[in-house]
Amino acid sequence: MSGPVKTAVLGCGKVGHFHAQAFRRCEGAELVACWGRHRERVDAFAAQYGIRGYTDLETMVRETGVQAVSVCTPHPNHARLAVECCRLGLHIAVEKPLAASLEDCDAILQAAHEAGVVGTTICQRRFYQPAQRVKRAIEDGKLGRPILGTVNMLGWRDMAYYHSDPWRGTWDGEGGGVLINQAPHQIDLLLWYMGEVDELYGMWDTLNHPELEVEDTAAAVIRFRSGAMGNLVVSNSQNPALFGNVRVHGSNGASVGVQTDGGAMFIAGVSGITEPPVNDLWTVAGEAELLEAFRRSDSEAFLKADMYHYHTLQLQDFVDAIRLGRAPLITLEDGRRTVELITAIYRSQRDRRPVKFPLQPEYGSDFDGRLH
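A quick note: this is a predicted structure, and the numbers were derived from the prediction, not measured.

Student: An account of the sheet that holds strand β4 (residues 68-71) is requested, with residue identities and associated values reported.
Tutor: Taken in spatial order, the 6 strands line up as β3-β2-β1-β4-β5-β6 in an open sheet, and their pairing is parallel. Each edge of the open sheet is held by one strand with a lone partner, namely β3 (52-54) and β6 (119-121). Taking each pair of neighbouring strands and ignoring which way they run, the sheet shows an average axis angle of 25°. Here helix α2 (residues 39-49) sits on the sheet and contacts β1 (5-10), β2 (29-35) and β3; the angle it forms with β3, its principal contact strand, is near 165°. Seen against the sheet, helix α13 (residues 332-351) touches β5 (91-94) and β6 and runs at an angle of roughly 35° to β6.

Student: I'd like to hear about the packing of helix α1 (residues 14-25) against helix α12 (residues 309-324), residue by residue, with values.
Tutor: Following both chains from N to C, one finds α1 and α12 inclined at 60°, their axes separated by 8 Å at the closest point. As summarised for this structure, α1 and α12 are arranged oblique, according to the angle between their axes. Crossing hand, α1 versus α12: right-handed. In this structure, α1 contributes Phe18, His19, Ala22, Phe23 and Arg25 to the contact, and α12 contributes His309, His311, Thr312, Leu315, Gln316, Phe318 and Val319. Looking at the contact of α1 with α12, its residues break down into 6 nonpolar, 5 polar and 1 charged.

Student: Which residues make up the pairing of strand β9 (residues 217-224), and what values do they have?
Tutor: Summarising the sheet, strand β8 (residues 197-205) and β9 pair through 8 bridges and their orientation is antiparallel. Note on β9: the bridge partner recorded for Val197 is Phe224. Both β9 and strand β10 (residues 229-235) contribute to a ladder of 7 bridges, which runs antiparallel. Paired with Arg223 across the strands is Met229, a residue of β10. Hairpin connection, β9 to β10: the antiparallel pair is bridged by 4 residues, and Gly227 has positive phi, about 100°.

Student: Outline the environment of Val15, listing residues and values.
Tutor: Relative to the helices and strands, Val15 resides in helix α1. Spatially, the C-alpha atom of Val15 lies 6.1 Å from that of Cys72, the residues being 57 residues apart in sequence.

Student: I'd love a proper account of the pattern of salt bridges, names of residues and values included.
Tutor: Summed over all chains, the structure comprises 25 salt bridges. Measuring nitrogen to oxygen at the nearest pair gives 3.5 Å for the salt bridge that ties Arg126 to Asp334. In this pair, Arg126 sits in the loop between β6 and α6 (129-139) while Asp334 sits in helix α13, placing the two residues 208 residues apart along the sequence. For Arg126, a relative accessible area of 7% gives the class buried. Linking Arg336 and Glu340 is a salt bridge whose minimum nitrogen-to-oxygen distance equals 3.8 Å. Pair noted here: Arg336 and Glu340 are both in helix α13, with a separation of 4 residues, about one helical turn. Each of the two residues, Arg336 as well as Glu340, counts as buried. Connected via shared salt-bridge partners are Arg347, Arg350, Asp351, Arg353, Glu362, Asp366 and Asp368.

Student: Kindly report on helix α11 (residues 291-304), identifying the contributing residues and their values.
Tutor: With 14 residues, α11 extends 20 Å from end C-alpha to end C-alpha; this agrees with the ideal 20 Å at 1.5 Å per step. Within α11, the full set of buried residues consists of Leu291, Phe294, Asp298, Ser299 and Phe302. Considered in projection along α11, the buried side chains sweep an arc of 120° and stay on one side of the axis. Residues Leu303 and Lys304 are exposed on α11 and point more than 90 degrees away from its buried face.

Cut-offs and rules
- Residues numbered from 1 in each chain as written.
- Predicted model: local features only at pLDDT ≥ 70, side-chain atom pairs only at ≥ 80, totals over all residues.
- Heavy atoms only, no water.
- Pairing = 2+ DSSP bridges.
- Helix = DSSP H or I, 4+ residues; strand = E, 2+ residues; numbered from the N terminus.
- Axes fitted to C-alpha atoms, helices over the stretch in contact; angles between N-to-C directions.
- Contact = heavy atoms within 4.5 Å.
- Parallel < 35°, antiparallel > 145°, perpendicular 65-115°, else oblique.
- Left-handed = near helix turned anticlockwise from the far one by under 90°.
- Nonpolar A, V, L, I, M, F, W, Y, C, P; charged D, E, K, R; others polar.
- Salt bridge = Lys/Arg side-chain N within 4 Å of Asp/Glu carboxyl O.
- Buried < 20%, exposed > 50% of the residue type's maximum accessible area, 1.4 Å probe, protein only.
- Expected span 1.5 Å × (residues − 1).
- Arc of directions from axis to C-beta.

This is the structure:
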């Protein structure tokens, strides 16, 4: 492809600003437009970035020649927009989670395949240096083989957070609670490290946010296809917030981990990241003494970057994939796997039994086990 990839942001809310800032930094990309449902918000967003604003997708494509878009609307709206963009021949970067249901995920995957476009799901924490160090340790055999993976994400959201947007904390507007909104990054890392899931037993509840429809706490026990085991505990009920980490334990006794979030949990467009991501566990033979050096160098590198840096790294890969005609490092299928695991927890609670993988969409009235 010659010339810059013309890009647009769909959704002019908090996360949309992250994508606009990132696209402006990407080599080989040009931010030319934005789209939204509310004219006033679209106009303000467009004026801020010196681009053209639209409330009609086809008009935007026709008048600006947009080639790639970021979908930054609330989760239940991802599929409708992403499918329409594929129909228009646009490459798509979809914010996490890919969608709120497996049915919507599969609609996006099918549309992207039929249109032959590049698609990625935003999982920018994979680009954290300590997260990549864990992946390299696994690939280099430093753990033997992974036999146990854990996620512990103990955060806090007050009711002011849920009242900050009308769609938050509702099944229709958000599609779920802590699982679908806060936990996808850690779930993505767990699956990246441990591979495909074979079986899961899970449960969820709303324990200290009685005004919410959706869950604020969830837990699961996992068996991976490799034979390894896993455990997941995620919550928005710890005040103050504690941490979010992913750890992998190996057959040779070595353990490694990454704390992706520490202290108050990050809220896009509202707060910064209070603690840099670091390796919080490293017992690889001959390397345990390197942990402090890892933490120091990663903290220094993170503090030199700003909050848009890791979105920029992923969107740069997305732009490069378009220009070079290759698959992105993080695919739409990766996004579906995260939603599949989340859906399994909802179904497991509904049916009071373990859930076998792979999962296919259900078309009943209970929103894949959420409403029961």
